[in-house]
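A closer look at the structure
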Amino acid sequence: MAQDDVFKKIVSHSKEYGFVFPSSEIYDGMGAVYDYGQNGVELKNNIKKYWWDSMTLLNENVVGLDSAIFMHPTIWKASGHVDAFSDPLIDNKDSKKRYRADVLIEEHLAKFEDKIKKEVDKAAKKFGEAFDEVQFKATNTRVLDNESKRQALHERFAKTLNEGDLSELRQIIVDCEIVCPVSGTRNWTEVRQFNLMFATEMGSTAEGASKVYLRPETAQGIFVNFLNVQKSGRMKIPFGIAQIGKAFRNEIVARQFIFRMREFEQMEMQFFVRPGEELEWFAKWKETRIKWHKLLGMGEEKYRFHDHEKLAHYANAATDIEYQMPFGFKEVEGIHSRTDFDLSSHEKFSGKKMQYFDPELNKSYVPFVIETSIGVDRMFLSVLSGSYCEEKLDGGDTRVVLKFPPALAPVKLAILPLIKKDGLAEKAKEIMNSLKFEFTCQYDEKDSIGKRYRRQDAIGTPYCITIDHQTLEDQTVTIRNRDTMLQERIAIDSIVSKLEIEVSMKTLLRKLI
Ligand code: GAP
């Protein structure tokens, strides 16, 4: 199935089964804003718990924080967001549609990759097992031609971004003959910078009101509380502060479902270290974070690092962890070595010292910072797309199953009486009442057992137990595994011990250390 079709199916599946709804749908929706439904919120909470526990339980020197969304407006001046948090935009004069100039060029670059992939796939099909991909790519003239065009454009694009040259950015679009997807024309305006922060006013009267911003990242709440946490927690460097919270960006190119949203959630951790030790810590956190992703078992080959060529003015190293979404490898997490830029800048703008006295070195300094920053919603999308499967069953039937990592599944156990009569429903409810404190359970007595299994497959429930007449006689149930669909008979008393290991967050976390 084409990846475009898979993605469309994932989007409609998540609406049909209560994962993600378009926001304000009865009023025709709001661009790039989404609501999480009954299953979505459970999955999201489990993702957040996996991250939070991995940071704060597994690292004695990482503590949490929950800072306010509204912050003093000068914070955004100090952080550089007022002056430099912008995207280069270009309008098509015919369709009146606005685009990110850099995204238009990135999409053009991706076309060369697509062409190369098509050549490789075609040849692989033709030559079968004898096909040598490396040799093919090194010798096929069409592949070499596309690769050299891609490389040349990539170098020109990277240089232009580094220099912030907006007219050259437009020139690339013109030279590449990129057309507006709506009008099909090349009638472009100049490229302009557009700030992404949402602004509002705080205060009751027009005269007394001051302009405030909805935070575009949670990180600044951590920086301005650095000394509060360090002193009140008697933290010693190196230490980290972790935070989960909403962030807001007025994204212009808001596509790809929950990948690029205007209101989204971040899980960020700032790790404060001695100056000069930051690159060593950067390497450590890179390793820790990729392990966290890969442990979910969604395929090691689906992750890769993308080291930044263009470093932000405050960074001396940066990389993205990318996941292979149905629309290609995309950034899910950023790991940045932010130097002492943020703390020094807040020191300058606030006039307050942001220094740490290091008792071992017997001196004060502004710590350097390693940041790990992951979007909850992008992580959610990677888990959803990595888990979505359509399977053909014996007898010609098909099933859609979400093969979530069990610890992240919204419902861990479905409790299904075979029929409602003969005391089976009562027995099932009794079992549910004893298990609901252990796992998120769902009781379902409607429709045939086959239909109920399908419904649980569609929301990714790892186990279903069925209560039948034998249950009343010998206190056993059948337990069905979501992925293998195999069933076995087990004692009611052993349900907790069997499932505990399989579905608990603890099992996942233990593998991290
Ligand atoms: N404090 C650093 C920072 O905010 P970023 O690369 O701009 O860095 C970090 O964002 C992460 O936040 C990204 O890797 C992505 O997962 C998520 N993110 C950023 N913009 C987003 C958006 N518009 N919608 C959803 N997630 C977003």
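Residues numbered from 1 in each chain as written. Predicted model: local features only at pLDDT ≥ 70, side-chain atom pairs only at ≥ 80, totals over all residues. Heavy atoms only, no water.

1. As for the overall build of the chain
Looking only at helices and strands, one finds 18 helices and 23 strands in the chain. Its C-alpha radius of gyration of 26 Å places the chain within 12% of the 24 Å reference for a compact globule of 513 residues. A total of 513 residues make up the chain; the buried ones form 48% of that total. Taking contacts inside the chain between residues at least 6 apart in sequence as the whole, the part at least 24 apart equals 65%. Approximately 25600 Å² of the chain is accessible, and the part contributed by carbon and sulfur atoms is 50%. With 75 positive and 79 negative side-chain charges, the chain shows a separation of 2 Å between the mean positions of the two kinds. (Helix = DSSP H or I, 4+ residues; strand = E, 2+ residues; numbered from the N terminus. Rg over C-alpha atoms; globule rule 2.2 N^0.38 Å. Buried < 20%, exposed > 50% of the residue type's maximum accessible area, 1.4 Å probe, protein only. Contact = heavy atoms within 4.5 Å. Areas by Shrake-Rupley, 256 points an atom, 1.4 Å probe, with all protein chains shown as cover. Lys, Arg positive; Asp, Glu negative; His and termini not counted. Charge placed at Lys NZ, Arg CZ, Asp CG, Glu CD.)

2. Things to note about the environment of Glu426
Its place among the elements puts Glu426 in helix H14 (residues 424-435). C-alpha separation for the pair Glu426 and Val224, spaced 202 residues apart in sequence, amounts to 56 Å.

3. Points about the site of the ligand
In the vicinity of the ligand, 20 residues are found, and the nearest of them are Glu217, Glu268, Glu331, Val332 and Glu371. For the ligand, an oxygen atom lies 2.8 Å from a polar atom in the side chain of Arg249. Measuring from an oxygen atom of the ligand, one finds a side-chain N or O atom of Glu331 at 2.5 Å. Against a free-state accessible area of 550 Å², the protein chains account for coverage of 91% of the ligand. At the level of elements, strand E10 (263-273), strand E13 (328-337) and strand E16 (368-375) are the ones that each hand at least two residues to the shell around the ligand. For the shell around the ligand, the element with the highest residue contribution is E13, accounting for five residues. Considered class by class, the residues forming the shell around the ligand number five nonpolar, five polar and 10 charged. (Near = heavy atom within 4 Å. Polar contact = N/O pair within 3.5 Å; in protein donor to acceptor, adjacent residues only side chain to side chain. Nonpolar A, V, L, I, M, F, W, Y, C, P; charged D, E, K, R; others polar.)

4. Considerations on the sheet that holds E16
With mixed pairing, the seven strands of this open sheet are ordered in space as E3-E9-E10-E16-E13-E12-E11. Of all strands in the sheet, those with a lone pairing partner are strand E3 (62-65) and strand E11 (303-307), marking the two edges. In this sheet, neighbouring strand axes are inclined to one another by 25° on average, regardless of whether the strands run parallel or antiparallel. For E3 and strand E9 (residues 239-248), the ladder comprises four bridges, and the chain directions are parallel. Paired with Val62 across the bridge in E9 is Gly240. In the packing of helix H13 (residues 376-387) onto the sheet, contacts are made with E10, strand E12 (317-325), E13 and E16, and the angle to E12 comes to roughly 35°. (Pairing = 2+ DSSP bridges. Axes fitted to C-alpha atoms, helices over the stretch in contact; angles between N-to-C directions.)

5. Thoughts on the pairing of strand E4 (residues 86-91)
Of all six residues making up E4, five are buried, and the element is well covered by its neighbours. In the sheet, E4 pairs with strand E6 (residues 192-195) via four bridges, with the strands oriented antiparallel. Its bridge partner being in E6, Leu89 is matched across the sheet by Arg192. The pairing of E4 with strand E5 (residues 98-100) spans three bridges and is antiparallel. Each residue of the ladder has a partner; that of Ile90, found in E5, is Tyr99. Two successive antiparallel strands, E4 and E5, enclose a turn made up of six residues, where Lys96 displays a positive phi of approximately 65°.

6. Focus: the sheet that holds E5
On the basis of which strands lie adjacent, the open sheet formed by three strands has the order E5-E4-E6 and antiparallel pairing. Bordering the open sheet on either side are E5 and E6, each of which pairs with just one other strand. Pairs of neighbouring strands in the sheet enclose a mean axial angle of 50°, with direction left out of account. Those strands touched by helix H5 (residues 101-127) are E4 and E5, and its axis lies near 65° from that of E5. Relative to E4, helix H8 (residues 166-175) is tilted by about 45°, and along the sheet it contacts E4 and E6.

The analysis is restricted to geometry; functional conclusions fall outside its scope.
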